[in-house]
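Understanding the architecture of this molecule
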Amino acid sequence: MATPKRKTSHARTAQRKAHWLGSLGAPSTTKCTHCGEAVMSHRACPSCGFYKGRKVIDVKEI
Ligand SMILES: [Zn+2]
């Protein structure tokens, strides 16, 4: 097995974690074409159940 030649410094670990955690943002959202609600892209709308212009899931209306 290949072995690291040097110990990873605290600074290097912190830099790597800062970069990785910084890339974790909120999931990208779009507006629902049917009701205008903010929805995650490539998912059916949670409030009206529409996806690509047609109803794909049943959502209980309040
Ligand atoms: Zn909708």
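Structural data are supplied above this passage.
Quick look at the structure, then. Predicted model, so just to flag it, every value in this text is computed and none were measured.

1. Overview of the overall build of the protein
The number of helices and strands found in the protein is one helix and four strands. Relative to a compact globule of 62 residues, whose C-alpha radius of gyration would be 11 Å, the protein shows 21 Å and is clearly more extended. Taken over the C-alpha atoms alone, the protein extends approximately 60 × 25 × 20 Å along its principal axes. Across the 62 residues of the protein, 10% fall into the buried class. A separation of at least 24 residues holds for 0% of the contacts in the protein among residues at least 6 apart in sequence.

2. Considerations on the coordination of the zinc ion
Coordination sphere of the zinc ion, protein contribution only: Cys32 (SG), Cys35 (SG), Cys45 (SG) and Cys48 (SG), at 2.1 to 2.3 Å. Note that the zinc ion binds four donor atoms; their angles at the metal cover 106 to 117°, and the shape is tetrahedral. In terms of primary sequence, the donors binding the zinc ion are separated according to C-x2-C-x9-C-x2-C.

3. Details of unusual backbone geometry
Positioned with a positive phi, histidine 42 is a non-glycine residue whose angle comes to about 65°. Tracing the sequence through the fold places histidine 42 in the loop between strand E2 (38–40) and strand E3 (50–51). Taking the relative accessible area as the measure of exposure, histidine 42 reaches 67% and is therefore exposed. Notably, lysine 52 is not glycine yet its phi reads approximately 55°, a positive angle. If you trace the backbone, lysine 52 turns up in the loop between E3 and strand E4 (54–55). Using a relative accessible area of 74% as the deciding quantity, one classes lysine 52 as exposed.

Rules used in this analysis
Residues numbered from 1 in each chain as written. Predicted model: local features only at pLDDT ≥ 70, side-chain atom pairs only at ≥ 80, totals over all residues. Heavy atoms only, no water. Helix = DSSP H or I, 4+ residues; strand = E, 2+ residues; numbered from the N terminus. Rg over C-alpha atoms; globule rule 2.2 N^0.38 Å. Buried < 20%, exposed > 50% of the residue type's maximum accessible area, 1.4 Å probe, protein only. Contact = heavy atoms within 4.5 Å. Donors = N, O, S within 2.8 Å, 3.2 Å for Na, K, Ca; no water. Tetrahedral: all angles 85-135°; square planar, octahedral: opposite > 155°, others 65-115°.

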